[in-house]
Structures are given as C-alpha cells and as structure tokens.
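Notes for the structure review
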Amino acid sequence: MPAQHLQNPGRPPAFAAEPRPPAAVQGLRADARHNRDRILEAAREAFTAQGIDVPLTAIARRAGVGAATLYRRFPTRASLVTEAFAEQLARCVAILDEALEDPDPWRGFCSVIEKVCAMQATDRGLTAAFLSQFPEAVDYERARTHAEDSLARLVRRAKDGGQLRDDFDPADVTLLLLANSGIVGDSHQVSLAASRRLVAYLLQSFRATHAEPLPPPPPLALHHIHRPPPRR
C-alpha cells in the first residue's frame, strides 16, 4: 500500500511518508540485497496471511534462503517486522495526520475509523505489528504513542463540533478494532465488505443525535489489541 506525501513540516522525521533503506542496505552486494528483498517479500506475505507470530524458519523457507541468511539480515523478529511494514506504518500515521488536517472534525474522525479498519480487515499482519510491543523497535513505540495522541485529539474535535456523542471514549476505538479483528472472510473482498458493514453500524451509534447513556468505558489502550509477540 503506497504511502502518500503530506505537506506537514511539523511531522517528526521518524514519521516520514517514504522511509528510505538504511545506508547499510544500500551498501550490500547485489546478491545479498536480492536475498534481503526476497526475505521481506516472503515476510509480508506470511505476516498478512498468518499474522506476525508465524515462525521465522517458515519465512526463510518461503523466501528460498537458509535460516542463517535470514538471521544475518534480521537478527530479531522485531527487526524483520519493522522493515516489512515500514511503508504501511507510515501510511497509518499519514491517515491520522490527514484526518487532523480535515476542517470537518466528524469527517476526519470517520475517515480514520474506515481506513484503519479496512487495512485491518485485509492485512492481519499490519495491525498486529503496529499494536504489538517491540522493546527494540523505537519507531513503532513512537508511532503508537503518536497514534494514541492523535486519536484523542480527533475525539475531542468531533465532540467539540457536537457530532460525536459526549460519552465516547478513546478506549471505544480499541473496542471497535477488537471487534473488527474478529472478522475473517473467505477472501479479502468478503472480509472488507463485512468490515465496512460493521464500521457503518458503529459510526451511526457514535453520533451525538439521540444518544442513549452507555456503561462506563473499559480501561483499554491500543496495545491491548495484540499480545506481545514471542522472542525469536
């Protein structure tokens, strides 16, 4: 999924829309770089189909390389996941930034819910990667913190505009993503259609018009959606 350029000079450098390969990668021999690209392609396919807990040895087999080659390029699961989803991670951050720049708070709020849920429905690995806890993946932690702060601002703007119900809590976004993550269809098209239907129902319930009182929100944050992955 290609990232989009944004005219936002205030964004931290870690959230650039098009991450460039590190200098160490640019200096690799052609055959080594080819192996690295094959590993990343195989990882994206495996993570998307099975989630980020798929054994790394299975990824090596899919890429047609030995396990030693994979571990030489990516010594930890976190390093492989980070590289495999760097562009998609930037897209998640871009979606939030675009929504905050939208002059219509409700439209911006809805666009985040719709786009992130669509990504989640068709790519099992991406949301798990984004929401997991990788101690050595600093950019992921920064991106998740950035996402939580941005969501809080989106919620506040939509409430201030009188379009989002007063008792909506940022934890409700986590509830929504938990529900959406349970959608598993026979194909990406079926999963996406089911996700869109669910999101449309929930967005209607989020509106301030004729809102009935709800039970108190649970103490949930984004990192509660996916448990920390096992160490390699």
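Further up the page is the structure itself.
Read on for a plain summary of the structure. (Residues numbered from 1 in each chain as written. Predicted model: local features only at pLDDT ≥ 70, side-chain atom pairs only at ≥ 80, totals over all residues. Heavy atoms only, no water.)

**A few points about the nonpolar core**
Counting 26 residues, the largest nonpolar core has Phe109, Val112, Ile113, Leu164 and Phe206 as its most contacted members. A total of eight residues in this core trace back to one element, the largest contributor, which is helix H7 (residues 105–122). If sequence neighbours within four positions are ignored, Leu164 has contacts with Trp106, Phe109, Val155, Ala158, Lys159, Phe206 and Ala208. Grouped together as the second largest cluster of nonpolar side chains are 19 residues, Ile39, Leu40, Phe47 and Val54 included. (Core = buried A, V, L, I, M, F, W, Y, C linked by side-chain atoms within 4.5 Å. Buried < 20%, exposed > 50% of the residue type's maximum accessible area, 1.4 Å probe, protein only. Helix = DSSP H or I, 4+ residues; strand = E, 2+ residues; numbered from the N terminus. Contact = heavy atoms within 4.5 Å.)

**Regarding the packing of aromatic side chains**
Aromatic ring pairs are defined here through the distance separating the ring centres and the angle between the ring planes. Tallied over the entire structure, the rule returns five aromatic pairs. Both rings, one in Phe47 and one in Phe85, keep their centres 5.9 Å apart while their planes meet at 35°; by these two values the pair is tilted. Taken together, the residues span a long stretch of sequence, with Phe47 in helix H2 (residues 30–50) and Phe85 in the loop between helix H5 (77–84) and helix H6 (86–101) at a distance of 38 residues. A relative accessible area of 0% places Phe47 in the buried class. The buried category is assigned to Phe85, whose relative accessible area is 1%. An angle of 70° between the planes, with centres 4.8 Å apart, marks the rings of Phe168 and Phe206 as edge-to-face. (Phe/Tyr/Trp six-rings, centres within 6.5 Å; stacked < 30°, edge-to-face > 60°.)

**Quick look at the packing of helix H10 (residues 171–181) against helix H11 (residues 188–206)**
Running from N to C, H10 and H11 cross one another at 155°; their axes reach a closest spacing of 10 Å. The orientation of H10 with respect to H11, classified from their angle, is roughly antiparallel. Viewed along their axes, H10 and H11 form a crossing whose handedness is right-handed. Here Leu176, Ala179 and Asn180 of H10 lie close against H11, whose contacting residues are Ser195, Leu198, Leu202 and Phe206. Split into classes, the residues belonging to the contact of H10 with H11 amount to five nonpolar, two polar and no charged. (Axes fitted to C-alpha atoms, helices over the stretch in contact; angles between N-to-C directions. Parallel < 35°, antiparallel > 145°, perpendicular 65-115°, else oblique. Left-handed = near helix turned anticlockwise from the far one by under 90°. Nonpolar A, V, L, I, M, F, W, Y, C, P; charged D, E, K, R; others polar.)

**What to know about the pattern of salt bridges**
Should the charged atoms of two oppositely charged side chains come close, the side chains can pair. Inspection of the entire model under this criterion finds six salt bridges. A salt bridge links Arg62 to Glu45; the shortest N-O distance between them is 3.4 Å. One end of the pair, Arg62, is in helix H3 (residues 56–63); the other, Glu45, is in helix H2, and 17 residues separate them in sequence. The class for Glu45 is partly exposed, based on a relative accessible area of 39%. A salt bridge links Arg165 to Asp167; the nearest nitrogen and oxygen atoms lie 2.6 Å apart. (Salt bridge = Lys/Arg side-chain N within 4 Å of Asp/Glu carboxyl O.)

**Description of the packing of H7 against H11**
Axes are the key here: two packed helices are described by the angle between their axes and the distance separating the axes. Relative to each other, H7 and H11 sit at 150°, their axes nearing to 9 Å. Relative to H11, H7 is oriented roughly antiparallel. Here H7 runs over H11; the crossing is right-handed. Contacts from Trp106, Phe109, Cys110, Ile113, Glu114, Cys117, Ala118, Ala121 and Thr122 of H7 reach H11 at His188, Ser191, Leu192, Ser195, Val199, Leu203 and Phe206. Grouping the amino acids of the contact of H7 with H11 by side-chain chemistry returns 11 nonpolar, four polar and one charged.

**Focus on H2**
The first and last C-alpha atoms of H2 sit 30 Å apart over 21 residues, in line with the 30 Å expected at 1.5 Å per residue. Among the residues making up H2, those that are buried are Ala32, Arg36, Ile39, Leu40, Ala42, Ala43, Ala46 and Phe47. Positive backbone phi, approximately 90°, marks Gly51, located one or two places after H2. (Expected span 1.5 Å × (residues − 1).)

**What about the environment of Pro170?**
Checked against the element boundaries, Pro170 lands in the loop between helix H9 (138–160) and H10. Sequence separation between Pro170 and Pro217 is 47 residues; the distance between their C-alpha atoms is 8.8 Å.

**A few points about the side chain of Asn180**
The residue Asn180 is located in helix H10 in this model. Engagement of the side chain of Asn180 in a polar contact is seen with the backbone oxygen of Cys117, the distance being 3.0 Å. The residues contacting Asn180, other than those within four sequence positions of it, are Cys117, Gln120, Ala121, Ser195 and Leu198. (Polar contact = N/O pair within 3.5 Å; in protein donor to acceptor, adjacent residues only side chain to side chain.)

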